[in-house]
Amino acid sequence: MSTRYATWLCLALVLSACSDGGPTSTAPADNVSFVIVSGDGQSGPPGAELPQPLVVRAVDGAGNPVPGRHVAFKVISGGGSMYLGAGVSDANGIVKDYWTLGTVAADSQRVEARSIDPATGAKQVFGVFRATIGGEPVRVDSSGAYAHYTGQVGKVVPFPYYVQLEDQYGNPVRRAGVAVKWTPSGDGTMFRTTTYTDSLGRTGVRWYFGTVAGPQTLSAQVVGGEPARVLFTGTAVPGPAVSVDIEPDSVHFTAFGQLDTVTVTAVDQYGNATPRTWSQTSPGVVHLRNLAPPGMVLQAAGNGRAYVIVTSGSIADSTVVVVRQEAATISFSESLPSSVKVGGTVNVKYYTGARDANNHYISSANTRFTWSITNPSVATINANGILTAHAPGSVKAIATMDGVSAETPTITVSP
């Protein structure tokens with residue numbers, strides 16, 4: 001061997017040794033490559049298996065199928081899964097697997113097709129399958145974004161209500177033109193009972209409360225879809241009073257402690273009962289016992305006249321209350337003199353008392369006795385109840401008040 005040849009041989013060996021550091025490229029050493037045949041770019045509902053399998057083919061440099069090559073399908077985004085996850089190419093170089101999408105529409109849905117060069121051990125990622133979550137909207141949602149609202153009957157809620165299309169996993173569905181039906185409770189209204197989603201899958205309405213005070217609801221449902229999922233709630237309160245009427249116009253009591261009830265009609269323009277407040281001009285004459293809403297129980301407390309007033313908003317009405325005790329019983333004091341001399345007098349009224357039907361004493365200032373005598377030849381009695389003796393004998397005075405009468409014990413007139 002010549003010196004020059006030996007030198008070149010050594011150089012070749014050194015260069016060969018320097019290049020033997022392992023594969024640095026994904027290109028297969030045996031000239032086998034992989035191509036995506038079908039299954040890319042599909043769309044399906046979340047959590048569902050795509051209708052078409054993911055298909056790749058192993059081919060040699062001349063485009064001929066290569067059987068027996070291992071291929072793995074790896075989900076790298078979206079949280080989905082593969083039916084098998086790997087396969088071996090058949091006689092036609094084909095490997096297939098089925099892809100189930102994830103459930104979160106916001107995630108990118110991607111699967112990598114991978115292999116390992118059997119000659120060099122080099123890792124190969126030779127294709128990426130992509131898919132999108134789609135499908136028909138199954139329901140609407142948004143109710144959690146709105147608090148319970150309280151407002152006046154027949155008035156519009158001061159903000160619109162919106163719903164968002166979503167799938168069964170709660171993913172928003174951005175689809176325009178989907179019809180949503182709105183159903184209010186009672187006689188609630190809106191300008192349109194059916195609206196259509198925009199490009200973001202959203203639609204909304206302005207809600208007018210019904211005219212009957214109380215709970216209010218508004219539901220939204222995809223036309224032809226699942227039963228209503230969204231239920232907005234509110235409470236309608238009465239509007240301003242348009243009329244207040246208290247009945248009867250007057251109340252009369254004949255005994256302290258007596259009770260009577262007045263009723264009130266205070267309504268707004270739709271006939272809803274409105275809040276009301278009560279007052280009286282003379283609390284010493286009548287007491288208010290709020291025992292019978294929407295009316296009021298009145299109780300006689302003292303002789304006199306009073307007005308009971310009911311107010312709702314800026315409107316009021318009143319009833320007059322008159323308390324005037326009437327005698328139910330008349331009695332005479334045991335100290336009433338039993339005898340008097342001719343020419344003498346006895347103030348019979350001073351010894352006479354009356355009580356009303358509830359046994360309350362009627363003060364002398366309110367007594368209205370009329371007087372008579374059983375034996376006018378023996379004695380007489382004037383309008384003030386003063387008995388005057390005229391001749392010996394016996395006599396009784398008679399006191400009458402409010403149709404009730406009573407006789408005094410016998411009074412003897414002596415010479």
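For every chain, the first residue of the written sequence is number 1, and numbering continues from 1 onward in sequence order. Owing to the predicted nature of the model, reporting of local features is limited to residues with pLDDT of at least 70; listing and counting of side-chain atom pairs is limited to 80 or more, with chain, interface and lining totals taken over all residues. Water and hydrogen atoms were dropped before computing side-chain values, which therefore reflect all heavy atoms in the structure.

Concerning the pattern of salt bridges
Salt bridges are identified by distance alone: a Lys or Arg side-chain nitrogen within 4 Å of an Asp or Glu carboxyl oxygen. According to the stated counting rule, one finds eight salt bridges in the structure shown. One salt bridge connects R114 with E112, and the closest N-O pair in it is separated by 2.8 Å. The rule is simple: take the accessible area with a 1.4 Å probe, protein chains only, and divide by the maximum for that residue type; under 20% is buried, over 50% is exposed, in between is partly exposed. For R114, a relative accessible area of 31% translates into the label partly exposed. We classify E112 as buried; its relative accessible area is 16%. Among the charged side chains, a salt-bridge network with shared partners connects R139, D141, E166 and R229.

Details of unusual backbone geometry
For residues that are not glycine, phi is negative in most cases, and the peptide bond is trans in most cases. The residue after E247, namely P248, is reached through a cis peptide bond having omega -5°. Here a strand is any run of E in DSSP of at least two residues, a helix any run of H or I of at least four, and the numbering for each starts at the N terminus. With respect to the helices and strands, P248 occurs in the loop between β19 (243-247) and β20 (250-253). With a phi close to 65°, N359 is a non-glycine residue in the positive phi region. Backbone geometry places D402, a non-glycine residue, at a positive phi of 55°. Along the chain, D402 falls in the loop between β36 (397-401) and β37 (404-407).

With respect to the pairing of strand β30 (residues 352-355)
Pairing of strand β27 (residues 329-332) with β30, which is carried by four bridges, proceeds in the antiparallel orientation. Of the residues in β30, the one forming a bridge with T329 is R355. Two strands make a pair as long as DSSP finds a minimum of two bridges between them. Two strands pair when backbone bridges link them, and β30 and strand β31 (residues 361-362) are joined in this way by two bridges, in the antiparallel orientation. Following the sheet pairing, A354 is matched in β31 by I362.

Things to note about the environment of V285
Looking at the secondary structure, you find V285 in the loop between β22 (277-280) and β23 (286-289). Linking V285 and R355, residues 70 residues apart in sequence, is a C-alpha distance of 18 Å. By definition, residues are in contact when any of their heavy atoms lie within 4.5 Å. Leave out the neighbours within four places in its chain, and V285 touches Q299, A300, A301, G302, N303, G304, R305, A306 and V323.

Considering the packing of aromatic side chains
For Phe, Tyr and Trp, where Trp contributes only its six-membered ring, two rings pair if their centres lie within 6.5 Å, and the inter-plane angle classes them as stacked under 30 degrees, edge-to-face over 60, or tilted in between. Counted according to the given criterion, the structure contains 15 aromatic pairs. With a centroid separation of 6.3 Å and 50° between ring planes, the pair formed by F73 and F129 is classed as tilted. One end of the pair, F73, is in strand β4 (residues 70-77); the other, F129, is in strand β10 (residues 123-133), with 56 residues separating them in the sequence. Of the two residues, F73 and F129, neither departs from the other in class, the shared state being buried. Between Y146 and F232 the ring centres are 5.2 Å apart and the planes differ by 90°, which places this aromatic pair in the edge-to-face class.

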